[in-house]
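As a plain string of letters, each chain reads:
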Amino acid sequence: MAGGADVQVRAGDEDDLADLTRIYNHYVAETPITFDTRVFTAEERRPWLLSHPVDGPHRLLVARTAGTRDVLGYATSSPMHARPAYLTSVEVSVYTAPGRARAGVGTALYEALFAALEKEDVHRAYASIALPNAASERLHTRFGFRHVGTYHEVGRKFGRFWDVARYEKAIGA
């Protein structure tokens, strides 16, 4: 377990699927943070959940209120690309439940995720941040990410085009 006195972080499992889907669907329907444009059922999200085993470089971590089943957020490390030469690079993301931003949930999740990734054969972590998103930029910078470029007007959602900043972080020695 990681996190503060009120937050516990652990590997996500199938019991979390409904809550994880609800959190993600909030960002799909209400924000440009993800470029998915339609909400999902929990069953549609099951393959995503199963693609993040308990160990290895591609993880799903869930934050909960200590002693409850209340999901506060989640973080993932996923394949950067399918091609074999990318195996030591991961794409990371963190989502907090509505109303839980700036409550330390993202920090607790990333502390646990990066501690786990340090033990894996991972060389770099990358994050994509739809702009504007000052809170996400601050979080990633605090964890040692540096801005390496911006894709301009790369995604269209809610009738407008959005830029995406790319951030990079070295993992391990």
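Kindly report on the packing of aromatic side chains, identifying the contributing residues and their values.
The final tally for this structure, using the stated rule, is nine aromatic pairs. Each ring, one from tyrosine 24 and one from phenylalanine 40, has its centre 6.1 Å from the other, and the planes form 45°; the classification is tilted. Note that tyrosine 24 is positioned in helix 1 (residues 17–30) and phenylalanine 40 in the loop between helix 1 and helix 2 (42–50), a separation of 16 residues in sequence. Here the two residues tyrosine 24 and phenylalanine 40 agree in accessibility, since each one is buried. Members of the aromatic cluster, joined through ring pairs, are Tyr24, Tyr27, Phe40, Trp48, Tyr74 and Tyr95. Above the face of the tyrosine 24 ring, arginine 45 is positioned so that its terminal group lies 4.0 Å from the ring centre. Positioned above the aromatic ring of phenylalanine 114, the side-chain terminus of lysine 169 is 5.1 Å from the ring centre.

Requested: an account of helix 2, with residues and values cited.
Helical periodicity: at 3.6 residues per turn, an α-helix aligns residues three or four positions apart in one direction. For helix 2, the complete set of buried residues consists of Arg45, Trp48 and Leu49. Buried positions in helix 2, seen along its axis, are confined to an arc of 100° and lie on one side of it. With respect to the buried face of helix 2, the exposed residues turned more than 90 degrees away are Glu43, Pro47 and Leu50. Packing partners of the buried residues in helix 2 comprise helix 1, strand 2 (60–65) and strand 3 (71–79).

Describe the pairing of strand 6 (residues 146–157), with residues and values.
Summarising the sheet, strand 6 and strand 7 (residues 160–170) pair through eight bridges and their orientation is antiparallel. Bridging from a neighbouring strand, arginine 156 pairs with phenylalanine 161 of strand 7. Between the antiparallel neighbours strand 6 and strand 7 lie two residues, among them phenylalanine 158 with a positive phi of about 55°.

Could you give me a rundown of a nonpolar patch on the surface, with the residues and numbers involved?
Nonpolar side chains collect at one region of the surface, where Phe35, Tyr151 and Val154 lie side by side and expose about 290 Å² of accessible area between them. Secondary-structure assignment places phenylalanine 35 in the loop between helix 1 and helix 2.

Quick one: what's the story with the pattern of salt bridges, residue by residue and with numbers?
All told, the structure shown has eleven salt bridges when counted by the stated rule. Close ionic contact of arginine 10 with aspartate 13 constitutes a salt bridge, the shortest N to O distance being 3.8 Å. For glutamate 44, the salt bridge is made with arginine 38, and the minimal N-O distance between the two is 3.3 Å. The partly exposed category is assigned to glutamate 44, whose relative accessible area is 39%. Residue class for arginine 38 comes out partly exposed when judged on its relative accessible area of 45%. One network of salt bridges, in which partners are shared, links Arg10, Asp13, Asp16 and Arg64.

Quick one: what's the story with the sheet that holds strand 5 (residues 124–131), residue by residue and with numbers?
Strand order in this open sheet of seven strands is 1-2-3-4-5-7-6, and the pairing throughout is mixed. Strands at the two margins of the open sheet, each flanked by one partner only, are strand 1 (7–11) and strand 6. Put simply, the sheet's adjacent strands are angled 25° from each other on average, direction ignored. Summarising the sheet, strand 5 and strand 7 pair through eight bridges and their orientation is antiparallel.

About the thresholds
- Residues numbered from 1 in each chain as written.
- Predicted model: local features only at pLDDT ≥ 70, side-chain atom pairs only at ≥ 80, totals over all residues.
- Heavy atoms only, no water.
- Phe/Tyr/Trp six-rings, centres within 6.5 Å; stacked < 30°, edge-to-face > 60°.
- Helix = DSSP H or I, 4+ residues; strand = E, 2+ residues; numbered from the N terminus.
- Buried < 20%, exposed > 50% of the residue type's maximum accessible area, 1.4 Å probe, protein only.
- Lys NZ or Arg CZ within 6 Å of the ring centre and 35° of its normal.
- Arc of directions from axis to C-beta.
- Contact = heavy atoms within 4.5 Å.
- Pairing = 2+ DSSP bridges.
- Patch = residues over 30% accessible without salt bridge, like charges linked within 9 Å, V, L, I, M, F, W, Y side chains within 5 Å.
- Areas by Shrake-Rupley, 256 points an atom, 1.4 Å probe, with all protein chains shown as cover.
- Salt bridge = Lys/Arg side-chain N within 4 Å of Asp/Glu carboxyl O.
- Axes fitted to C-alpha atoms, helices over the stretch in contact; angles between N-to-C directions.

Note that every value here comes from positions in space, so none of it alone points to a role or purpose.
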